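Residue-level structural notes
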Amino acid sequence: MSTDVTPSGARHRAPAAPDASLPVQAVDGSVAQWTERYTHALMDTFGAPQRVLVRGEGPYVWDADGRRYLDLLGGIAVNSLGHAHPTLTAAISAQLGTLGHVSNFFASPTQIAFAERLLSLAQAPEGSRVFLTNSGTEANEAAFKLARRNGGPDRPRVLALEGAFHGRSMGALALTHKAAYREPFEPLPGGVEFLPFGDAAALEAAFADGAGAQVAALVVEPIQGEAGVRPLPPGYLALARRLTAEHGALLILDEVQTGMGRTGSWLAYQQPEIGGGIVPDAVTLAKGLGGGFPVGALVAYGERTATLLGRGQHGTTFGGNPVAAAAGLATIAVIERDGLLDHVRTLGAALRARIAGLGHPLVTDVRGAGLLIAIELARPVAPQVAAAALEAGFVVNPCTPTTIRLAPPFVLTEEQAGTFVDFLAAVPADLGAEA
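Residues numbered from 1 in each chain as written. Predicted model: local features only at pLDDT ≥ 70, side-chain atom pairs only at ≥ 80, totals over all residues. Heavy atoms only, no water.

1. Here we look at helix α1 (residues 31-41)
Put simply, the rule is: Each residue's exposure class comes from its accessible area (1.4 Å probe, protein chains only) as a fraction of the maximum for that residue type: buried when under 20%, exposed when over 50%, partly exposed otherwise. Strands here are runs of E lasting at least two residues and helices are runs of H or I lasting at least four, both read from the DSSP assignment and numbered beginning at the N terminus. In this description, one arc is meant: the one made by directions from the helix axis to the C-beta atoms. Throughout, a residue-residue contact means that at least one pair of heavy atoms, one from each residue, lies within 4.5 Å.
Of the positions making up α1, those classed as buried are Val31, Thr35 and Tyr38. Taken end-on, α1 shows its buried residues confined to a sector of 55°, consistent with a single buried face. Turned more than 90 degrees away from the buried face of α1 sit Arg37, His40 and Ala41, all of them exposed. The elements touched by buried residues of α1 are β2 (60-63).

Structure follows, in structure tokens:
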């Protein structure tokens, strides 16, 4: 791979040295020591951490033992500008030094400007509005309530897809398909039905014979991330838009993982091959929206959808706080300034092509869009490949037993990406095969 598409945003200055007088910044101790402390201090919801990380710069992170890793997961599609990006950190620091938090009885210019930028990037029509949150789960909770307001008890059905992941809180969990996530917390909010992924006939059947009049909303991810980076087939979203519009249902797109440039456009559905030119009723965003700072959003398209939630019907303490809004504005500004959407498209295509071109017997498919990439394996050895990658200095994610997910920072260079391709080429073809 050549290195001639290195974006200017890949330049980083070294982070300032931590103030030794502040215990919260102390990093003394090994990975093993910190892991032991972790097991006694935090709930065991994630298991033991793979590593304890102490700093990052650009697309790299370092653990408490001083080992460096190329972060090809980006905090699960969050750190779009990499780590310690100077523009982002300066914007957050400046805002926090001016005005950090106000209640939702008040607004700030930063909050308003951020919402306006989101409406512009979403190409939302007149009358559209934004509800700002702290995470993708919260954005999807708001979207669920939006669906409930669309027709009330006369429209009890909310449709989602098999393989869907929309979050862990009760409403978002009700939209999430994986049984292992759902079953410990049932009964969940009712009315949700799961349709086979990408099945046009099943989608049409869900609206047939008068049943469409009871559908409040259809909630889908243009590309399912948790399920293995599975894009919806061409034409599916166009059909979904036609059916929902004909029956008065909302079409809600979960772009928490795919939005804000991850696929090479601001929103994945804006790509003709994915969205087919549709305009949804609502889109949820988070992850890369703040470049690593927690922020999410529900964008409601048009006056009708934007007014479904009225005064007192939803709220948040921290959503839209000035610091989060400043982080979002800075992230957008850097992506625009440094031409990172073009870089995401170019690098993503080159990386997928080079992995496919290896002809590795273990790799059966390479798919995705932009810098959201799946490497499909011939056998269920994704955890072993990910563990080997970590030992070799690469952070990747085995999102299914047969799938490795990559969602690296947008500032990744071709040369850096090439080091992972070289690692993959050296993975034994018989890994996990029976003796």
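2. Topic: the sheet that holds strand β15 (residues 394-395)
Quick reminder of the rule: Two strands pair under a simple rule: DSSP has to find at least two bridges between them.
In space, the four strands of this open sheet follow the order β1-β2-β3-β15, with mixed pairing throughout. Of all strands in the sheet, those with a lone pairing partner are β1 (53-57) and β15, marking the two edges. Relative to β15, strand β3 (residues 68-71) runs parallel, the two sharing two bridges. The residue bridging Asp71 from the neighbouring strand is Val395, located in β15.

3. Remarks on the packing of helix α3 (residues 86-96) against helix α12 (residues 322-337)
Applied cut-off: Axis definition: a line fitted to C-alpha atoms, over the contacting stretch in the case of helices. Angles run 0 to 180 degrees between N-to-C directions. Each angle receives one of four descriptions, namely roughly parallel if under 35 degrees, roughly antiparallel if over 145, roughly perpendicular if within 65 to 115, and oblique otherwise. The sense of a crossing depends on the near helix, which, turned anticlockwise from the far helix by less than a right angle, makes the crossing left-handed and, turned clockwise, makes it right-handed.
Look at α3 against α12: their axes get within 9 Å of each other, and the N-to-C directions meet at 155°. One element, α3, and the other, α12, form an angle in the roughly antiparallel class. α3 and α12 meet at a crossing whose hand is right-handed. For the pair α3 and α12, the contacting residues are Thr87, Leu88, Ala91, Ile92, Gln95 and Leu96 in the first and Pro322, Val323, Ala326, Ala327, Ala330, Thr331, Val334 and Arg337 in the second.

4. With respect to the packing of aromatic side chains
How we decide: In summary, the pairing rule links any two rings of Phe, Tyr or Trp, Trp by its six-membered ring, whose centres are within 6.5 Å, and it sorts them by plane angle into stacked for under 30 degrees, edge-to-face for over 60 and tilted for everything else. Ring-over charges, as used throughout, are those where CZ of Arg or NZ of Lys falls within 6 Å of the ring centre and within 35 degrees of the ring normal.
Under the counting rule described, the total for this entry stands at five aromatic pairs. Plain terms: the ring middles of Phe394 and Phe423 are 5.7 Å apart, the flat faces sit at 35° to each other, and that makes the pair tilted. Highlighted residues: Phe394 in strand β15 and Phe423 in helix α15 (residues 414-425), separated in sequence by 29 residues. Here the aromatic rings of Phe420 and Phe423 are separated by 5.8 Å at their centres, their planes lie at 35°, and the arrangement is tilted. A residue pair is termed a helical-turn pair when its members lie 3 or 4 positions apart in one helix, as Phe420 and Phe423 do in helix α15 at three residues. Taken together, the ring pairs in this structure connect Phe394, Phe420 and Phe423 into an aromatic cluster. Lying over the aromatic face of Trp62, Arg55 brings its terminal NZ or CZ to 3.8 Å of the ring centre.

5. Observations regarding the pattern of salt bridges
The test is simple: Should a side-chain nitrogen of Lys or Arg be within 4 Å of a carboxyl oxygen of Asp or Glu, the pair is scored as a salt bridge.
Inspection of the entire model under this criterion finds 14 salt bridges. The shortest N-O distance in the salt bridge between Arg67 and Glu391 comes to 3.8 Å. With Arg67 in the loop between β2 and β3 and Glu391 in helix α14 (residues 382-392), this pair connects stretches of sequence that are 324 residues apart. A relative accessible area of 32% places Arg67 in the partly exposed class. Measuring nitrogen to oxygen at the nearest pair gives 3.2 Å for the salt bridge that ties Arg242 to Glu246. Residue Arg242 and its partner Glu246 are both found in helix α9 (residues 236-247); the two are separated by four residues, about one turn of the helix. In the salt-bridge network here, residues are joined through shared partners; they are Arg51, Arg67 and Glu391.

6. Describing the confidence of the model for the protein
Selection criterion: Confidence scores here are pLDDT values: one per residue, from the predictor, ranging 0 to 100.
Confidence in the prediction for the protein averages 94 pLDDT; 93% of positions are at 70 or higher. Taken as a whole, residues 1-15 scores under 50 in pLDDT and shows 40 contacts with residues more than four places along the chain or in a different chain.

7. As for the side chain of Asn150
The residue Asn150 is located in the loop between α5 (136-149) and β5 (157-161) in this model. In contact with Asn150, not counting residues within four places along its chain, are Arg155, Ala216, Gly248, Ala249, Leu250, Arg304 and Leu308.

8. Thoughts on α5
As a reminder of what qualifies: Here a helix's expected span is defined as the number of its residues, less one, multiplied by 1.5 Å. Any N or O atom pair separated by 3.5 Å or less is treated as a polar contact, with the protein-specific requirement of one donor-capable and one acceptor-capable atom, and with residues adjacent in sequence counted only for side-chain atom pairs.
With 14 residues, α5 extends 20 Å from end C-alpha to end C-alpha; this agrees with the ideal 20 Å at 1.5 Å per step. Those residues of α5 that fall on the buried side of the exposure criterion are Gly136, Ala139, Asn140, Ala142, Ala143, Phe144, Leu146 and Ala147. The N-terminus of α5 is capped by Ser135, whose side-chain oxygen sits 3.2 Å from the backbone nitrogen of Glu138. At the C-terminal side of α5, Gly151 shows a positive phi close to 100°.

9. Let's talk about the packing of helix α4 (residues 109-121) against α12
α12 packs onto α4 with a crossing angle of 40° between their chain directions and a minimal axis gap of 8 Å. When the axes of α4 and α12 are compared, the pair comes out oblique. The two elements α4 and α12 cross, and the hand of that crossing is left-handed. For the pair α4 and α12, contact is made by Thr110, Gln111, Ala113, Phe114, Arg117, Leu118 and Leu121 and by Pro322, Ala325, Ala326, Gly328, Leu329, Ile332 and Glu336, respectively.

10. Description of the pairing of strand β14 (residues 372-377)
On a regular strand, one side chain projects to one face of the sheet and the next to the other, so that they alternate. Burial analysis of β14 places six of its six residues in the buried class, which makes it a mostly covered element. Relative to β14, strand β13 (residues 363-369) runs antiparallel, the two sharing six bridges. What sits directly across from Val366, in β14, is Ile375. Between β13 and the antiparallel strand that follows it, β14, lie two residues; Gly370 among them carries a positive phi value of about 55°. For β14 and strand β17 (residues 403-406), the ladder comprises four bridges, and the chain directions are antiparallel. Note on β17: the bridge partner recorded for Glu376 is Thr403.

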